[in-house]
Amino acid sequence: MSIEARIAEDQPNSFAFTAENEAEIKRIIAKYPKGRQASAVMPLLDMAQRQHENWIPMKAIELIADKLDMAKIRVLEVATFYTMFNLKPVGKYFLQACTTTPCWLRGSDEMMRCIKDRYGITSGQTSDCGRFSLLEVECLGACVNAPILQVNDDFYEDLNYQSTGALLDSLEKDAPLAVGSVLGRSGSEASGGATSLNAIKPKKTAKAKSGAANA
Ligand code: FES
């Protein structure tokens, strides 16, 4: 997608951080050595996005550039490099579907097909109802439970066509499923349950032993 296509045509005339966020910005900038305040660009972009209904207007890019003494184009470069930053409005549920090799091998095509069947959208589009936006992204860092769909800040794992549909059902009711593996596996354990070290019982510590004696 071109940079132009990623930036909203309709832009607000102004943007200002809330007083609470201004105080937080001071705290963030103070973490970096003098003259290195540009290092705060990522947290400030994230803050602007969270404050502004999950997308960053150009006025916020300009404000951040001023605050960090950066050229506006530098801030825009960062904002356009990372897919997690939205430069135009997205739906209430922003779906980031990982289709990198491990997720693809484990069925990300089915996840994408389910979303397309339901809302008629592909990467970079928003549903007609305006509530769901889809973006195809690179590895989300949770390959072990592939395929992964990130919904706003949450990861849903081990999805297939059916479970993606169940997840979308829950989002439509604004009652999202529990985050994590839809198969219920804990962390990144094997999908068939623990397979090794099962016979080893942890040794009781002296503290645990005395606790048991006093019980
Ligand atoms: S490849 Fe999908 S999370 Fe890594």
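This text goes with the structure placed above it.
Numbers given for residues are sequential positions, taken from 1 along each chain in its written order. Under the rules for a predicted model, residues below a pLDDT of 70 receive no local features and side-chain atom pairs below 80 are neither given nor counted, while totals for whole chains, interfaces and linings still include all residues. As a rule here, side-chain values come from all non-hydrogen atoms in the structure, and water together with hydrogens is ignored.

Draft legend 1. Local environment of the sheet that holds strand S2 (residues 125-126). For two strands to count as paired, DSSP must find a minimum of two bridges between them. Helix and strand assignments follow DSSP, with helices taken as H or I runs no shorter than four residues and strands as E runs no shorter than two, numbered in order from the N terminus. Taken in spatial order, the six strands make up an open sheet running S2-S3-S1-S4-S5-S6, and their pairing is mixed. The open sheet terminates on both sides in strands that have one partner only, identified here as S2 and strand S6 (180-181). Contacts from helix H7 (residues 108-119) reach strand S1 (93-98), strand S3 (132-137) and strand S4 (149-151) within the one sheet, and its direction differs from that of S1 by about 150°. When checking whether two residues touch, look at their non-hydrogen atoms; a contact exists if any pair is within 4.5 Å. Lines fitted to C-alpha atoms define the axes, with helix axes restricted to the stretch in contact, and inter-axis angles between N-to-C directions lie between 0 and 180 degrees.

Draft legend 2. Inspection of the environment of Asp117 at higher detail. Mapped onto the secondary structure, Asp117 falls in helix H7. Taking the C-alpha atoms as reference, Asp117 lies 9.7 Å from Gly165; in sequence the two are 48 residues apart. Here the side chain of Asp117 touches Tyr161 through a polar contact of 2.6 Å, side chain to side chain. As used in this structure description, the phrase polar contact means that two N or O atoms lie within 3.5 Å; if the pair is within protein, one of them must be able to donate a hydrogen and the other to accept it, and residues adjacent in sequence are counted only when both atoms belong to side chains.

Draft legend 3. Structural detail: helix H2 (residues 19-29). Exposed residues in this analysis have more than 50% of their type's maximum accessible area, buried residues have under 20%, and partly exposed residues fall in between, with area computed by a 1.4 Å probe over protein chains only. Residues Asn21, Ile25 and Ile28 constitute the buried set of H2. Projected down its long axis, H2 shows its buried positions confined to an angular sector of 65°, all on one face. What points out from H2, more than 90 degrees from its buried face, is the exposed set Ala19, Glu20 and Lys26. As for H2, its buried residues are in contact with helix H3 (41-51) and helix H4 (58-68). To obtain the arc, one takes the directions from the helix axis to the C-beta atoms.

Draft legend 4. Just the pairing of S1, in detail. Counting buried residues in S1 gives six out of six residues, a clear majority hidden from the surface. Where burial is concerned, the two faces of S1 agree: the one with Tyr93, Leu95 and Ala97 and the one with Phe94, Gln96 and Cys98 are both buried. Of the pairings in the sheet, the one linking S1 to S3 comprises six bridges and is parallel in character. Directly across from Ala97, in S3, lies its bridge partner Glu136. Note that S1 and S4 share three bridges and pair antiparallel.

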